[in-house]
Amino acid sequence: MSNEIEAIKDPGLPAHVHRKADHDPVAEKRAERQVAILFLISALGTVLFIYSYYFISTDTFVFLPILGSTNAHQLGLGIGLATALFFIGAAAIHWAKTLMPDEEVIAMRHTMRSDDEDREAFVATVKERAGAAGLGRRSLIKRSMGLSLGLIGLSPLVLLRDLGPLPKDDLTKTSWEAGTRLVTDPGDRPIRPEDLEIGAVAQVLPQLRPDEERTLNNIGKDAVLLIRIRPEEFQLSAERLSWTHDGIIAFSKICSHMGCAVALYEQSTKHLLCPCHQSTFDVPRAAKVIFGPAARPLPQLAITVDAEGYLVAQKPFTEPIGPSFWERS
Amino acid sequence: MRKLSQLRRSRIASPLLLVIALFTIGTTFSVASASNKSELTVDQRSAQISEGKQLFLKGCSSCHGLNLEGTSIAPSLIGVGAASVDFQVGTGRMPMADMSTQAVRKKPIYNAEQTAALAAYVASTAPGPAIPNDSALNYERDGNTADGGTLFRTNCAMCHNFAAQGGALTQGKYAPTLMGVEPKYIYEAMITGPQAMPVFSDKTITPAEKLSIIKWIKGAEKEPQLGGAALGRVGPVTEGLLVWTLGLGLLIGVAVWLATKAR
Amino acid sequence: MTARERVAGTVANYVDERTGAAKWAKKNLTKVFPDHWSFLLGEVALYSFIILLLSGTFLTFWFDPSQREVLYEGGYQPLEGLHMSAAYASTLHISFEVRGGLLMRQIHHWAALIFMAAIVVHLMRVYFTGAFRKPREFNWIIGVGLLTLGIVEGFLGYSLPDDLLSGTGIRIAEAIIQALPVVGTYIAFFAFGGAFPGEAFIPRIFTVHVLLLPGIFLALITAHLMLVWYQKHTQWPGPGRTEKNVVGYPLMPAYMAKAGGFFFIVFGVTAFLGAVASINPIWLYGPYNPGQISAGSQPDWYMGWLDGLVRMSPPLETHLLGHTISWNILIPGLIVPGILFTGMALYPFIESWITGDKREHHLLDRPRNVPNRTALGAMSLTFMLVALINGGNDIIANNFHLGINQIMWFSRISIFVLPPIAFVVTKRICLSLQRADRELVLHGRETGRLMMLPHGEFVEVHEPISPELAWKLTAHEQAPALALEETDSRGVRRAGGLKNKLRKRISQANAENIAKPTVEDLKAIEHH
């Protein structure tokens, strides 16, 4: 290898090139002035910042190109702060570049590796003192220490148990039961079949019982999408067809992939699209997945009409809604 | 005096007089008739419908069928209502030029009168959603912005994006931006469900709720930039792009300046 | 002695009598730091971290990390009278009523994005120049750890305001936890204090975001910097620079001034972005509701590649014996990222296994001189870029009139096809650049001047390059491939045969280089 690079040697550090300010007092003064100006611009920035804070009201708007109609208070604060900070940096850097010593310095590195003497001394120390502690010999101590340290590691695990309840059947149950009315979201109005035109979609929640309050937890499981198409366009098994009513079909709105709201209904194609990862579901075939990463169709809610002609659920969902989990069969 | 009598005898006097007379009669008539536009007489309505029919046969029937029954390339228009026609023709979506993905909003080729005629004709064949009149569109008075926001986020944002900037649908279709769209067209789109958009029935989203949605959209249109340039109001994608271009660009630029030897 | 010198002397004496600081200070104030702009990328990350600490502390003075429901009566009309969490309401308060609040929120979020971008470009610089080699492997692992924790910290940070966009992100995170086999539902219920969304998650991630992770960051960053300080920074090869020295500028005054000034530059640029560019306008997103969603929902850019991988995943799930395993979530969400990041963390050891090189290295590699490493880096970046672009496929589709389905298929195919292509192309480019360097050394620089020789031939005049440039182009070493015998001298097969075979093969590919000019080559040229 040394043969190859013999003819091309390291020429060493190039000779130091002096800057103008190093030898020309006029250039030096000019550089000083430039640094001073940069510091002064920063000071002006702070003044703008303080002025904006106290004297520009928070609901003043000013029109600027690119930004449009923008809040003047916020802009003044921001530009003031940005200027104040940036120009301190610019001044310091310009000072270092033009006036501070810039001769390259060489320092030697030292190998990371300790020398053999130190290493031997270290090994000897450890051996001697560990031997004195006697952990290797005293197996009774070793074992009982292992037991106590191991056990105490369990205590934080024990303490964390109350972080949350066990899932039990929370993931499999929703508020939908036989006879629960479908109501609009928002608005809580019950729905009749004739309220929906062909091609219509409605965001739906279960009607609350008189003493109940609706939480986000409820919405996260109960949200349902109601869609009306022509009854002859369904391609369903007899059982699933019996879960629809006169062309109206209901699905859980919570995506079977990762739980986003699948609310996007394309009337022309009768597809449902989840905007998170683009899973696409075909409504006439009971929300069968036709594109995207979702592996299961959206659970269908069996609906019918009650005695007063409002849409109600026939029974609860027959499978857990939302994303999959280990215990889901 | 002599000038005027000379002018009266000039060759252009008669034709010029004719033009002035026609102009006067024409403007008087249109001014007089404009004020009664919404109150057409029976005769005027049937004249409108038949004008609409002529326009339809000429410009729409090749795709939508001679009796609005639809063909393989266009749906039936029976029962779509005047509102559908007003929306589609008024925004220039119809007649559809590029048949590939969806009808795009473009410069309408029919003027307001012709659009009204087409709408009247289509509505005459079968009942359907009507064009909302001005009193039904008073969103300032009848709408509530905060409710409109909640309604928008529940029913519209999944296609049109949280700030009504528009969004992608499947196979190249898209939900367009709602910025700068007339309230009437927004209302008509909700009740007629154009193309991929579903229908939002008046019982599931009441007319008052529809006006709240429109009020919210109009507010969003006028919403000033509170924090600076809006970057398209599409979320983190454009924000990340700005960091990698302007942010890192500025910082690396300064770093290069820092490490360069001064002259 | 002037008055100022007297005072300084008294203070210095006071401190030194109690700490012995003078000895340490004397040694370190003259410490030498190599100066190159690419060494400032890590500094951008460091300063962004400090900016995050400062702006974040400001925000905690007003932010209420609670999910209890409140009624909004704050004055922003589009949200008037709505029910929302206290976290969301307090963020609105910071944005609209606290003067400077929106600016600080924006500076904090822009600083987070810049922090992650700076880590990535810093990582790329360290990787492509081989600065992770011995003795800096520990620092590389700490760096990969910082990158991973940074992704988590950023995600938790933008999820705190409990708005529609970030709430959707939390929903997806919960689905990933829930998908873990056997323990998933338990961990999810423990993390959320029950079913999603619950009321426990935001207060808990507040503690993680504000206390636990910043504490870990401070410890890791301190260790990272201490290692750089103690091992001394690497330097580019060049005249006067060897493996045994470090050439640069002393800490005081030049480096201090430049590095200190650069902190203000980074802060200034971040504040500028916070002033002129809107980020995370949560009042437009609305409060989180699991029944709502916006078109074009994405995580912040540093998680975009994860989103892209999840989007392009095939719909794989196994249902066996009453249990479900969601491969469509586990593979893109946990397994592939796990393999990538583990591979990245272990890379210094993988490379030293391939090259058999166990020496210390303090001179950086020019990327062209290590074509395999550079090509591997290009390949990984291509993979990440395809995933990242797919993460924004709906925004791209909507703005460029394309279809999400088409973009998805393009991504599914490209993620397998483009990285190997990137590898081959990059390697060939590196070898070509090596060839160009060799030409430059042997034949000198083309001047563009033509000269006519006596017998009529036209030649271009070449100027010999300077000794400094010649040294820079030839200072690198070109190690031969590992010679691993499969059998020993008596023909008996050695243990570890298959591993060695693999190692030898990769080592051979790794050692493919355009040979540097030898003495013979140079002598031959002299006769021209």
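Structure: above.
A quick note: this is a predicted structure, and the numbers were derived from the prediction, not measured. (Residues numbered from 1 in each chain as written. Chains lettered and ligands numbered in written order. Predicted model: local features only at pLDDT ≥ 70, side-chain atom pairs only at ≥ 80, totals over all residues.)

Peer 1: Could you give me a rundown of the overall build of chain B, with the residues and numbers involved?
Peer 2: Counting secondary structure elements, chain B contains 12 helices and two strands. Element order for chain B, N to C, with α for helix and β for strand: α-α-α-α-α-α-α-α-α-β-β-α-α-α. For chain B, whose C-alpha radius of gyration is 27 Å, the value lies well above the compact-globule estimate of 18 Å for 263 residues. In chain B, which comprises 263 residues, the share counted as buried stands at 42%. Sequence-distant contacts in chain B: of pairs separated by 6 or more residues, those separated by 24 or more amount to 64%. (Helix = DSSP H or I, 4+ residues; strand = E, 2+ residues; numbered from the N terminus. Rg over C-alpha atoms; globule rule 2.2 N^0.38 Å. Buried ≥ 20, exposed ≤ 12 C-beta atoms within 10 Å, placed from the backbone. Contact = placed C-beta atoms within 7 Å.)

Peer 1: Can you lay out the overall build of chain C for me, pointing to particular residues and giving the numbers?
Peer 2: Helices and strands together make up the secondary structure of chain C, namely 19 helices and eight strands. Projected onto the principal axes, the alpha-carbon positions of chain C cover approximately 95 × 80 × 60 Å. Buried positions account for 48% of the 528 residues belonging to chain C. For chain C, contacts bridging at least 24 residues in sequence account for 72% of all contacts bridging at least 6.

Peer 1: Tell me about the environment of C:Pro78, residues and numbers included.
Peer 2: Residues and elements named next belong to chain C. Checked against the element boundaries, Pro78 lands in the loop between strand S2 (69–71) and strand S3 (83–85). The exposure class of Pro78 is buried, given the 20 C-beta atoms found within 10 Å. Once the C-alpha coordinates of Pro78 and Pro315 are considered, the two residues, 237 residues apart in sequence, prove to be 39 Å apart.

Peer 1: Could you give an account of the pairing of strand S11 (residues 288–291) of chain A, naming the residues involved and the relevant values?
Peer 2: The two faces of a sheet get side chains in turn, since along a regular strand they alternate between them. All names here are of chain A. Taken together, the three bridges between strand S10 (residues 280–282) and S11 define a ladder with antiparallel strand orientation. What sits directly across from Thr280, in S11, is Phe291. Count of turn residues in the S10/S11 antiparallel hairpin: five residues, of which Ala286 carries a positive phi of about 60 degrees. (Pairing = 2+ DSSP bridges.)

Peer 1: With reference to specific residues and values, describe the interface of chain C and chain A.
Peer 2: When the parts of a complex come together, some accessible area is lost, and that lost area is often used as the size of the interface. Across the boundary between the two partners, chain C contributes 93 residues, which contact 79 residues of chain A. A per-element tally of the side of chain C that touches chain A places helix H10 (residues 251–276) of chain C first, with 18 residues. Tallied by class, residues from the side of chain C that touches chain A come to 48 nonpolar, 32 polar and 13 charged. By the bridge criterion, four bridges tie strand S3 (residues 105–108) of chain A to strand S4 (residues 245–250) of chain C in an arrangement that is antiparallel. (Nonpolar A, V, L, I, M, F, W, Y, C, P; charged D, E, K, R; others polar.)

Peer 1: An account of the nonpolar core is needed here, citing residue identities and associated values.
Peer 2: Counting residues in hydrophobic clusters, the biggest one holds 257 residues, and the most contacted among them are A:Leu225, A:Leu226, A:Val262, A:Ile303, B:Val122 and C:Phe115. With 18 residues, helix H5 (residues 101–129) of chain C is the largest single contributor of residues to this core. Not counting chain neighbours up to four residues away, the residues in contact with C:Phe115 comprise C:Ala45, C:Ser48, C:Phe49, C:Leu52 and C:Gly150. Counting residues in each nonpolar core, the second largest holds five residues, with C:Val441, C:Ala470, C:Leu473 and C:Ala475 among its members. (Core = buried A, V, L, I, M, F, W, Y, C linked by C-beta atoms within 7 Å.)

Peer 1: Quick one: what's the story with the sheet that holds strand S1 (residues 32–33) of chain C, residue by residue and with numbers?
Peer 2: On the basis of which strands lie adjacent, the open sheet formed by three strands has the order S3(A)-S4(C)-S1(C) and antiparallel pairing. One side of each edge strand has no neighbouring strand; the edge strands of this open sheet are S3 of chain A together with S1 of chain C. Sheet strands in contact with H10(C) are S1 and S4 of chain C, and its direction is about 75 degrees off that of S4(C). (Axes fitted to C-alpha atoms, helices over the stretch in contact; angles between N-to-C directions.)

Peer 1: Tell me about the packing of helix H12 (residues 304–312) of chain C against helix H13 (residues 327–355) of chain C, and name the residues and values.
Peer 2: All names here are of chain C. Where H12 meets H13, the closest approach of the two axes is 9 Å, and the angle between their N-to-C directions is 120 degrees. Here H12 is positioned oblique relative to H13, judged by the angle of their axes. Contact with H12, carried on its side by Leu306, Leu309 and Val310, involves Pro332, Gly333, Val336 and Pro337 of H13 and no other residues of that element. (Parallel < 35°, antiparallel > 145°, perpendicular 65-115°, else oblique.)

Peer 1: I'd like a description of helix H9 (residues 201–231) of chain C, backed by residues and values.
Peer 2: Residues and elements named next belong to chain C. Under the 1.5 Å per step criterion, the end-to-end length of H9 is 42 Å for 31 residues, consistent within 8% with the ideal 45 Å. At Val208, H9 shows its maximal kink, close to 35 degrees. Regarding H9, the residues found buried are Phe201, Ile202, Ile205, Phe206, His209, Val210 and His224. Check the buried side of H9 and you find it contacts helix H3 (41–60), helix H4 (86–96), helix H6 (137–159), helix H7 (164–179) and helix H8 (184–192). (Expected span 1.5 Å × (residues − 1). Bend = angle between axes of the 7 residues up to and from the residue.)

Peer 1: Mind laying out the sheet that holds strand S7 (residues 248–252) of chain A, listing which residues take part and the relevant values?
Peer 2: Spatially, the five strands line up as an open sheet ordered S4-S5-S6-S7-S12 (chain A), and their pairing is antiparallel. Two strands in the sheet have a free side with no partner beyond their single neighbour: strand S4 (182–184) and strand S12 (300–301) of chain A.

Peer 1: Before we move on, can you summarise the interface of chain B and chain C with the specific residues and values?
Peer 2: With 49 residues of chain B in contact, the opposing surface of chain C contributes 54 residues. Contributions of two or more residues to the side of chain B that touches chain C are made by helix H8 (145–155), helix H9 (157–160), strand S1 (167–168), strand S2 (174–175), helix H11 (207–222) and helix H12 (236–259) of chain B. The dominant element in the side of chain B that touches chain C, judged by the number of residues it contributes, is H12(B), at 16 residues.

Peer 1: Tell me about unusual backbone geometry, and name the residues and values.
Peer 2: All names here are of chain C. The omega angle of the peptide bond from Lys134 to Pro135 is 5 degrees, so this bond is cis rather than trans. As for its placement among the helices and strands, Pro135 is situated in the loop between H5 and H6. A cis amide bond links Met252 with the next residue in sequence, Pro253, at an omega value of 0 degrees. Mapped onto the secondary structure, Pro253 falls in helix H10. Positive phi outside glycine occurs at Asn280, with the angle close to 50 degrees.

Peer 1: A description of the packing of helix H16 (residues 404–443) of chain C against helix H17 (residues 467–474) of chain C should follow, citing residues and the corresponding values.
Peer 2: Each pair of packed helices gets described by two things: the angle between the helix axes and the distance between those axes. Residues and elements named next belong to chain C. Two elements in contact, H16 and H17, have axes separated by 10 Å at closest approach and are oriented at 145 degrees. Like other packed secondary-structure pairs, H16 and H17 cross with a definite hand, here left-handed. For the pair H16 and H17, the contacting residues are Asp437, Leu440 and Val441 in the first and Ala470, Leu473 and Thr474 in the second. The residue inventory of the contact of H16 with H17, partitioned by class, reads four nonpolar, one polar and one charged. (Left-handed = near helix turned anticlockwise from the far one by under 90°.)

Peer 1: Lay out H10(C) with the relevant residues and their values.
Peer 2: With 26 residues, H10(C) should reach 38 Å at 1.5 Å per residue; the first-to-last C-alpha distance of 35 Å fits that figure. Counting buried residues along H10(C), 20 of its 26 residues qualify, which places the element largely inside the surrounding structure.

Peer 1: I'd like a rundown of the environment of A:Met258, residues and numbers included.
Peer 2: Tracing the sequence through the fold places A:Met258 in the loop between S7 and strand S8 (264–266). In contact with A:Met258, other than residues within four places in its own chain, are A:Cys276, A:His277, A:Pro323, C:Arg171, C:Ile172, C:Ala175 and C:Ile329.

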